[in-house]
Amino acid sequence: MLTAKPKPKRGFFIGVTCPGCGGTLELAENFFVLTCRYCGSALRITKPDIPPAYLIQSKVSGAEVRFHLDRYLKENSFPLSGSGLEIRPVYYPYWKVSAMVLKLRNRIEERELIPDETYDSYNTDMNNSKIRQRKTEIALTPFMTTFAAGQPRDDIPYSIGMRTEYIKMIPFAQENIEENFECLPVIKSWDDMQSNLTRNVDTVGKITQADFGKNKTELFNPNGSLVYFPYYMADISIGGKLHRIIIDGITGRVAIDNILTEIPEESPIVPKTPFEFGKLGVELHRCTNCGFDLPTKQSYIYICHNCRQLTLLEKHTLLQKSILSANMTDSGKSEQYFPFWALKLPQGSGRKLQILFGGIYQSDYLVIPAFRVANFEALHRLTKRISAGFAKMKFSEIDEFGANFMSVTLGPNEALALAQVVIYREKLSKNTNATYQKNELSPMELSLFFAPFHPDNYFYVDSVLNAVTFEKTLVD
Ligand SMILES: [Zn+2]
Ligand SMILES: [Zn+2]
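Residues numbered from 1 in each chain as written. Chains lettered and ligands numbered in written order. Predicted model: local features only at pLDDT ≥ 70, side-chain atom pairs only at ≥ 80, totals over all residues.

## A word on the nonpolar core
Judged by nonpolar contacts, the single largest core of 51 residues is most densely connected at Phe340, Trp341, Ala342, Val367, Ile368, Ala419 and Ala451. Those residues in contact with Val367, other than ones at most four positions away along the chain, are Phe340, Trp341, Ala342, Thr383, Ile386, Ser387 and Phe390. Listed in part, the 30 residues of the second largest apolar core include Tyr92, Trp95, Val97 and Tyr231. (Core = buried A, V, L, I, M, F, W, Y, C linked by C-beta atoms within 7 Å. Buried ≥ 20, exposed ≤ 12 C-beta atoms within 10 Å, placed from the backbone. Contact = placed C-beta atoms within 7 Å.)

Listed below in structure tokens is the structure:
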């Protein structure tokens, strides 16, 4: 069964405490509803509107740092550190960014010509028995990176790579800062970071030379958080030269060993008012109408078991209150109901979309999956198929989610942003000079519906039309 299979615990862990009993909670990113394992309360995590800040505490104690440092010195045939050595523990801030990247690559592919009479008609493109073909590849892929958020300096690594994906983080708060640790200031705001990133991604795109036309690399929906990472700094005189050695506070390894000609002046340009960061909150996960605990399945939408009231965790002005389910003529297969967001577009938009999506699409609705699909290219294909199928489905309103209903794990705001990118992706495949227009879609309504699918070999096939398919691996 699809719903019963827990995802391996991976990623981003933060600690917050239960409002019911004060117990410590542990959760992963994108996992915002949980049950307290001490008192059994149903809880949910509220995310701030501005990027939150986290802290990674050191795993290496002061005495261990000394040990790691001496080992490094010994390995390099340097004398061991003396007794008067001072080691300075610091946290350095990084931006962690996740986003999606659209890549367009124009390539000319050469193929050997197979000697065969039937190819005679292709002779126009022939060059020494090779065929040259123009090829445009477009792909949407996930993207994650970390960048220095403090003053750029050559004695601290510029990135901590992907380590935020598996190291435990806790909220950045005064009480979580370890003794003697100093927090180096953040000097790059989230806005600075976003424009930096767009420039960087653009530069990366220019490195790969297009065989014809222009290549594109564009970043969408960046999501940021700030992460303070622990380092130990030691200035040691070795053979008359002053070394600044930076030790990684998690592994104890020497990250950087710089010979200093002078002690660098520590006077970063600190913003007058320090940047503000968001904090995660915790609240009881209950129906506001009757007070019953809501199901602790991860979802953006819940229906109370007791009074049937709808709870929406993410608000949107266009969101319709009624939830629909596609009618099936004959059931009996092992159906799973998958959620989708239907965007009603202004009259006439349907015609434009029909040109983009091809003749099969005849509707003023664009449909985006309401469940997370890590493979954006597959999401793009499913969007086209379900958008075309949607117009042919009949629906009834529901006030209950059955056990075979999949959770809504993609919220309305993200769905709208994805819709824009899907349209852009499609425009590019028709015209590689197309440009992204942020408000190209102006939907009038946003509604949630469920459609039944059944497994068929490696695929799920919709049970209404028997036409919309997607790979099982997208959700397993
Ligand atoms: Zn509790
Ligand atoms: Zn209720």
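## Notes on helix H1 (residues 62–75)
The α-helix advances 3.6 residues per turn, and as a result positions three or four apart in sequence lie on the same side. Between its first and last C-alpha atoms H1 spans 20 Å; for 14 residues at 1.5 Å apiece the expected length is 20 Å, and the two agree. Where H1 terminates, the next one or two residues include Ser77, which has phi positive at roughly 55 degrees. (Helix = DSSP H or I, 4+ residues; strand = E, 2+ residues; numbered from the N terminus. Expected span 1.5 Å × (residues − 1).)

## Notes on the confidence of the model for the protein chain
Summarising the model, the protein chain shows a mean pLDDT of 83, and 88% of its residues fall at 70 or more. Counted against residues more than four places away or in other chains, residues 1–13, with its pLDDT under 50, gives 20 contacts. Below pLDDT 50 for its whole length, residues 120–124 participates in one contact with residues either more than four positions away or in separate chains. (pLDDT = per-residue confidence, 0-100.)

## Overview of the sheet that holds strand E14 (residues 281–284)
On the basis of which strands lie adjacent, the open sheet formed by three strands has the order E3-E4-E14 and antiparallel pairing. Every interior strand has two partners, whereas the edge strands, strand E3 (33–35) and E14, have only one. Shown here is a sheet whose adjacent strand axes are inclined to one another by a mean of 35 degrees, direction ignored. Looking at chain direction, strand E4 (residues 42–46) and E14 are connected through four bridges and run antiparallel. (Pairing = 2+ DSSP bridges. Axes fitted to C-alpha atoms, helices over the stretch in contact; angles between N-to-C directions.)

## Quick look at unusual backbone geometry
The backbone phi angle of Arg308 is positive, close to 70 degrees, even though this residue is not glycine. Counting through the fold element by element, Arg308 comes out in the loop between strand E15 (301–303) and strand E16 (310–312).

## Notes on the pairing of strand E17 (residues 323–326)
Put simply, side chains in a regular strand alternate between the two faces of the sheet. Bridge analysis of E17 against strand E20 (residues 395–398) gives four bridges, and the strand direction is antiparallel. Residue pairing in the sheet places Ala326 in a bridge with Phe395 of E20. Alignment of E17 against strand E21 (residues 445–456), held across two bridges, turns out to be parallel. For Ser325, the partnering residue across the bridge sits in E21 and is Phe450.

## With respect to the environment of Lys315
Of note, Lys315 is situated in the loop between E16 and E17. In sequence terms Lys315 and Pro412 are 97 residues apart; their C-alpha atoms lie 7.8 Å from each other.

## A look at the pairing of strand E12 (residues 241–248)
By the bridge criterion, eight bridges tie strand E11 (residues 216–238) to E12 in an arrangement that is antiparallel. The partner of Asp235 across the bridge, within E12, is Arg244. Between E11 and the antiparallel strand that follows it, E12, lie two residues; Gly239 among them carries a positive phi value of about 55 degrees. By the bridge criterion, six bridges tie E12 to strand E13 (residues 254–260) in an arrangement that is antiparallel. Bridge pairing in E13 links Arg244 to Asn258. Counted between consecutive antiparallel strands, the loop separating E12 from E13 contains five residues, among which Gly252 sits at a positive phi close to 80 degrees.

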